[in-house]
Amino acid sequence: MILTTPAQQAAEQPLPLLILDFDGTVCLGDGPVLAYADAVAEQIPEASRPALREGLDAFLAEDPNAPAYKDGYAAVAALAAEMIDSDGLHRAYAESRERLAAGTVEITAPEGLAEFLDSLAGVAFRVLLTNAPLIGVAESLATLGLTDSIDLIMPDAGKPAGFSGLLPVLLANKAPYELLSVGDVWSNDIDLPSRHGCVTAFIDRFNHRTGTASVSAPRIELLYDAISAWAHDPAGFSSTHQGISTPSSEKAPL
């Protein structure tokens, strides 16, 4: 019996590959990270809980005085670092995903995303590649009306390190410019694909301006035209979008 992995299934598609992140990309709202923070708070001293929430709220509100983190989950882990170990953080994350699956966490989809992805049916193979476990993802796609707009779900991706093994498989039958990676965490979603010569679209919600990306915008809605142009002509798009970057002196710390 020959077993085909999801990455091999994607690689065998004749269409270019549109790789989409989940949290912060197709699934919006601070509800999931707030659920994570609540689960973490249950495991730390009660007197420390207000500081955790205040620090997270400041980061999510883009307070200029708040420290920079790569995303809200990293912010929670850093703010509680002295009070909880990695096992506790893992338990808190699992609990937050169970709440997401149960539909008790408020989430939204980017405006017009379903219609946009539907317009790419038969033009690009739409892959949801997420570090999250499958629990909570499929249920959220149904809630957001995106179930039929995604061709393949690849959970537990382990980005960024996971991309090291995945990219050679995904690109086995394709030129690098035939893969576009979209995400809101530069180190997870953009860095390695860029290094492999792939096209990238960075959703820079927190104005991190971290490094090179083919295109960048604070919201995915502002990237629809660029993604569509790539899907219809990957080689042509790649030749005119070699990547934008920020000087190292201006990079935000992660």
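Cut-offs and rules
Residues numbered from 1 in each chain as written. Predicted model: local features only at pLDDT ≥ 70, side-chain atom pairs only at ≥ 80, totals over all residues. Heavy atoms only, no water. Helix = DSSP H or I, 4+ residues; strand = E, 2+ residues; numbered from the N terminus. Expected span 1.5 Å × (residues − 1). Buried < 20%, exposed > 50% of the residue type's maximum accessible area, 1.4 Å probe, protein only. Arc of directions from axis to C-beta. Polar contact = N/O pair within 3.5 Å; in protein donor to acceptor, adjacent residues only side chain to side chain. Contact = heavy atoms within 4.5 Å. Axes fitted to C-alpha atoms, helices over the stretch in contact; angles between N-to-C directions. Parallel < 35°, antiparallel > 145°, perpendicular 65-115°, else oblique. Left-handed = near helix turned anticlockwise from the far one by under 90°. Phe/Tyr/Trp six-rings, centres within 6.5 Å; stacked < 30°, edge-to-face > 60°. Salt bridge = Lys/Arg side-chain N within 4 Å of Asp/Glu carboxyl O. Core = buried A, V, L, I, M, F, W, Y, C linked by side-chain atoms within 4.5 Å.

Colleague: Just to check I follow, could you spell out helix H3 (residues 49-60) for this structure?
Modeller: The periodicity of an α-helix, 3.6 residues per turn, causes residues three or four places apart in sequence to face the same way. In this model, H3 (12 residues) spans 17 Å end to end at C-alpha, consistent with the 16 Å of a helix rising 1.5 Å per residue. The set of residues buried in H3 consists of Leu-52, Gly-55, Leu-56, Phe-59 and Leu-60. Taken end-on, H3 shows its buried residues confined to a sector of 130°, consistent with a single buried face. Just downstream of H3 lies Glu-62, where phi reads positive at about 60°.

Colleague: Looking at this structure, I do not really get the side chain of Asn-188. What am I missing?
Modeller: Inspection of the secondary structure assignment puts Asn-188 in helix H9 (residues 186-195). With a relative accessible area of 9%, Asn-188 lands in the buried category. Engagement of the side chain of Asn-188 in a polar contact is seen with the side chain of Lys-70, the distance being 3.4 Å. Not counting chain neighbours up to four residues away, the residues in contact with Asn-188 comprise Lys-70, Asn-131, Lys-159, Pro-160 and Phe-163.

Colleague: How should the packing of helix H2 (residues 31-41) against H3 be read in this particular structure?
Modeller: Two quantities define a packed helix pair, namely the angle between the helix axes and the distance between the axes. Between H2 and H3, the shortest axis-to-axis distance is 10 Å and the interhelical angle comes to 160°. By the angle class used here, H2 and H3 are roughly antiparallel. In the crossing of H2 with H3, the sense of the turn from one axis to the other is right-handed. Side by side, H2 and H3 meet where Val-33, Leu-34, Ala-37, Asp-38, Val-40 and Ala-41 of the first sit next to Arg-49, Leu-52, Arg-53, Leu-56, Asp-57 and Leu-60 of the second.

Colleague: What is the right way to look at the packing of H2 against helix H5 (residues 86-102) in this model?
Modeller: It is at 8 Å that the axes of H2 and H5 come closest, and there the two elements cross at 135°. The angle between the axes of H2 and H5 places the two elements in the oblique class. Crossing handedness for the pair H2 and H5: right-handed. Contact residues: H2 offers Pro-32, Ala-35, Tyr-36, Asp-38, Ala-39 and Val-40, while H5 offers Leu-89, Ala-92, Tyr-93, Glu-95, Ser-96, Arg-97, Arg-99 and Leu-100.

Colleague: Help me understand unusual backbone geometry, please; the structure alone is not making it clear to me.
Modeller: Glycine aside, a negative phi is what most residues show, and trans is what most peptide bonds show. The linkage connecting Lys-159 with the following residue, Pro-160, adopts the cis geometry, with an omega of 5°. Among the secondary structure elements, Pro-160 is positioned in the loop between strand S3 (152-154) and helix H8 (161-170). The phi dihedral of Glu-62 is positive, around 60°, even though this residue is not glycine. Summarising the element assignment, Glu-62 is placed in the loop between H3 and helix H4 (72-79). Overall, Glu-62 belongs to the partly exposed group, its relative accessible area being 45%. Of note in this structure, Asp-156 is not a glycine but carries a positive phi near 50°. As for its position among the elements, Asp-156 is in the loop between S3 and H8.

Colleague: Explanation requested: the packing of aromatic side chains in the structure shown.
Modeller: In this description, an aromatic ring pair is defined by two values, namely the gap between the centres and the angle between the planes. In total, this model carries five aromatic pairs according to the counting rule given. Note on Tyr-36 and Tyr-93: the rings are 6.1 Å apart at their centroids and 80° apart in plane angle, and the pair reads as edge-to-face. Placement of the pair is Tyr-36 in helix H2 and Tyr-93 in helix H5, with a sequence separation of 57 residues. With centroids separated by 4.3 Å and ring planes inclined at 15°, the aromatic side chains of Phe-116 and Tyr-224 adopt a geometry described as stacked.

Colleague: Is there a simple way to explain the pattern of salt bridges in this structure?
Modeller: Any two side chains of opposite charge can pair, on the condition that their charged atoms come close. Counted by the stated rule, this structure contains 10 salt bridges. Lys-159 is the salt-bridge partner of Asp-189, the closest N and O atoms lying 2.7 Å from each other. Separated by 30 residues along the polypeptide, Asp-189 in helix H9 and Lys-159 in the loop between S3 and H8 bring together distant segments of the chain. The exposure classification of Asp-189 matches that of Lys-159, with both residues buried. Look at the salt bridges and you will find they share partners, linking Asp-38, Arg-53, Asp-57 and Arg-99 into a network.

Colleague: Is there a simple way to explain the nonpolar core in this structure?
Modeller: Nonpolar side chains in soluble globular proteins tend to be buried together. If you look at the biggest cluster of nonpolar residues, it comprises 37 residues, and the most contacted ones within it are Leu-18 and Val-182. Residue contributions to this core peak at five residues, all from helix H10 (residues 224-232). Not counting residues up to four positions away in its chain, the partners in contact with Val-182 are Leu-18, Ile-19, Leu-20, Asp-21, Thr-25, Asp-189, Ala-201, Ile-203, Ile-220 and Ile-227. With 20 residues, the next largest nonpolar core counts Val-33, Val-40, Ile-44 and Leu-52 among its residues.

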